[in-house]
Amino acid sequence: MEKAGVHVVYGIVGLKTHAKLALVVRREREEFRSYVHIGTGNYHSQTAKLYTDFGLFTTRPEITSEVVEIFHYLTGRSLKMDYNQLLVAPINMKARFIEMIKQETENAKSGLPSGIIAKCNNLEEKSIIEALYEASQAGVPIQLIVRGFCCLRPGEAGLSENIKVQSIVGQFLEHSRVFYFRSGKATEMEGRFFIGSADWMARNLLGRVEVVTPVEDRLSREKIWESLQAMLNDRRQSWDMDGNGNSVLRQPQNPGEEIGVHDLLAEKTRLKSLLFKMDELKN
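Here is what the cut-offs are and how they apply
Residues numbered from 1 in each chain as written. Predicted model: local features only at pLDDT ≥ 70, side-chain atom pairs only at ≥ 80, totals over all residues. Heavy atoms only, no water. Helix = DSSP H or I, 4+ residues; strand = E, 2+ residues; numbered from the N terminus. Rg over C-alpha atoms; globule rule 2.2 N^0.38 Å. Buried < 20%, exposed > 50% of the residue type's maximum accessible area, 1.4 Å probe, protein only. Contact = heavy atoms within 4.5 Å. Salt bridge = Lys/Arg side-chain N within 4 Å of Asp/Glu carboxyl O. Expected span 1.5 Å × (residues − 1). Polar contact = N/O pair within 3.5 Å; in protein donor to acceptor, adjacent residues only side chain to side chain. Core = buried A, V, L, I, M, F, W, Y, C linked by side-chain atoms within 4.5 Å. Pairing = 2+ DSSP bridges. Axes fitted to C-alpha atoms, helices over the stretch in contact; angles between N-to-C directions.

## So, the overall build of the protein
Phase 1: Per the secondary structure count, the protein includes 6 helices and 15 strands.
Phase 2: Over its C-alpha trace the protein gives a radius of gyration of 20 Å, about what one expects of a compact globule, namely 19 Å for 283 residues.
Phase 3: Split into buried and exposed, the 283 residues of the protein put 43% on the buried side.
Phase 4: Nonlocal contacts in the protein, meaning residues at least 24 apart in sequence, comprise 60% of its contacts between residues at least 6 apart.

Quick look at the structure:
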């Protein structure tokens, strides 16, 4: 890339750059407009065919302006420490996650709707686990989808009886990081949705440059929610972990449950694509 004239910046000494970000600044008429992609997956043509990931493409100024600051941060031109929209490691991400978990704890204690759903590759960060234990003890229902290792012990009386942990193993590699907080809202869809590059691990929250973004628009939230519910309800490719770290493969109980979540979501995607093409032909 450098031989072709591309300016390559290798990031900050001591921090691995793990964020999945793309920024295009385009001149439109008399002004410049920023287009941003924030994803959970690598920009890699081969893994894109094998991994399950989410990505957000947006021009919202409150998001794009902070992404511009992150690129300045990577090139040594920004010392910004007050990101309002984005969760950025190692700057504010760990503190913001713990703050949101504790808010769910307070909501449960106050009788408000509460709940946490988190999907990541691995979970071992001590402060996050302790905050989740406290939330469980306050009555917050917590559902964790963790593909790899998980240092939290679910289902333990007096400690984590409100926490469930599952992993999904199938034809695709589960790679997306998704975080949902009910936030005291009357309906589930009014809760807070986030996607990004970070696992709940010390190396991600403290030793890497990571970015997690809120997802605000209704259609994107509905798509994330549909996928999460399909994963949580899967009885073909999901393994449930107990408090001793043992995992048991779920078994289909009713007709239709023998279809794994990967096939289910792939078929829904094919159907939506077909309907989209039919609408294009009509127009």
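## Overview of the pattern of salt bridges
Phase 1: On inspection of all chains with the given rule, the structure shows 15 salt bridges.
Phase 2: In this structure, Glu 226 and Lys 272 form a salt bridge, with 3.1 Å as the shortest nitrogen-oxygen distance. With Glu 226 in helix H5 (residues 218–233) and Lys 272 in helix H6 (residues 261–282), this residue pair connects regions lying 46 residues apart in the sequence.
Phase 3: Its relative accessible area of 27% is what places Glu 226 among the partly exposed residues.
Phase 4: Take Lys 272: its relative accessible area is 44%, and that puts it in the partly exposed class.

## A look at helix H3 (residues 126–137)
Phase 1: A rise of 1.5 Å per residue sets the reference length of H3, with its 12 residues, at 16 Å; its end C-alpha atoms lie 17 Å apart and thus fit the reference within 8%.
Phase 2: Buried within H3 we find Ile 128, Ile 129, Ala 131, Leu 132, Tyr 133, Ala 135 and Ser 136.
Phase 3: Tucked inside the fold, the buried residues of H3 contact helix H2 (93–109), strand S7 (116–120), strand S8 (142–146), strand S9 (163–168) and helix H4 (202–206).
Phase 4: Capping the start of H3, Glu 125 holds a side-chain oxygen 2.8 Å from the backbone nitrogen of Ser 127, two or three residues further along.
Phase 5: Just downstream of H3 lies Gly 139, where phi reads positive at about 100°.

## A few points about the nonpolar core
One recurring pattern in soluble globular proteins: nonpolar side chains tend to sit buried together.
Phase 1: Within the largest apolar cluster, 34 residues are counted, with the highest numbers of intra-cluster contacts made by Phe 97, Ile 101, Leu 123, Leu 132, Leu 144, Leu 152 and Trp 200.
Phase 2: Of all the secondary-structure elements, those providing two or more residues to this core are strand S6 (87–89), H2, S7, H3, S8, S9 and strand S11 (177–181).
Phase 3: Counting residues in each nonpolar core, the second largest holds 19 residues, with Ile 117, Phe 193, Ala 230 and Leu 265 among its members.

## Focus on the sheet that holds strand S5 (residues 55–58)
Phase 1: One open sheet holds the 3 strands; their spatial order is S2-S3-S5, and the pairing between them is antiparallel. Each of the sheet's edge strands pairs with one partner strand only, and the pair in question is strand S2 (21–28) and S5. For this sheet, the mean inter-axis angle between neighbouring strands, taken without regard to orientation, is 15°.
Phase 2: Inspection of the sheet shows strand S3 (residues 31–39) paired to S5 by 4 bridges, in the antiparallel sense. Counted as the bridge partner of Ile 38 is Leu 56 from S5.

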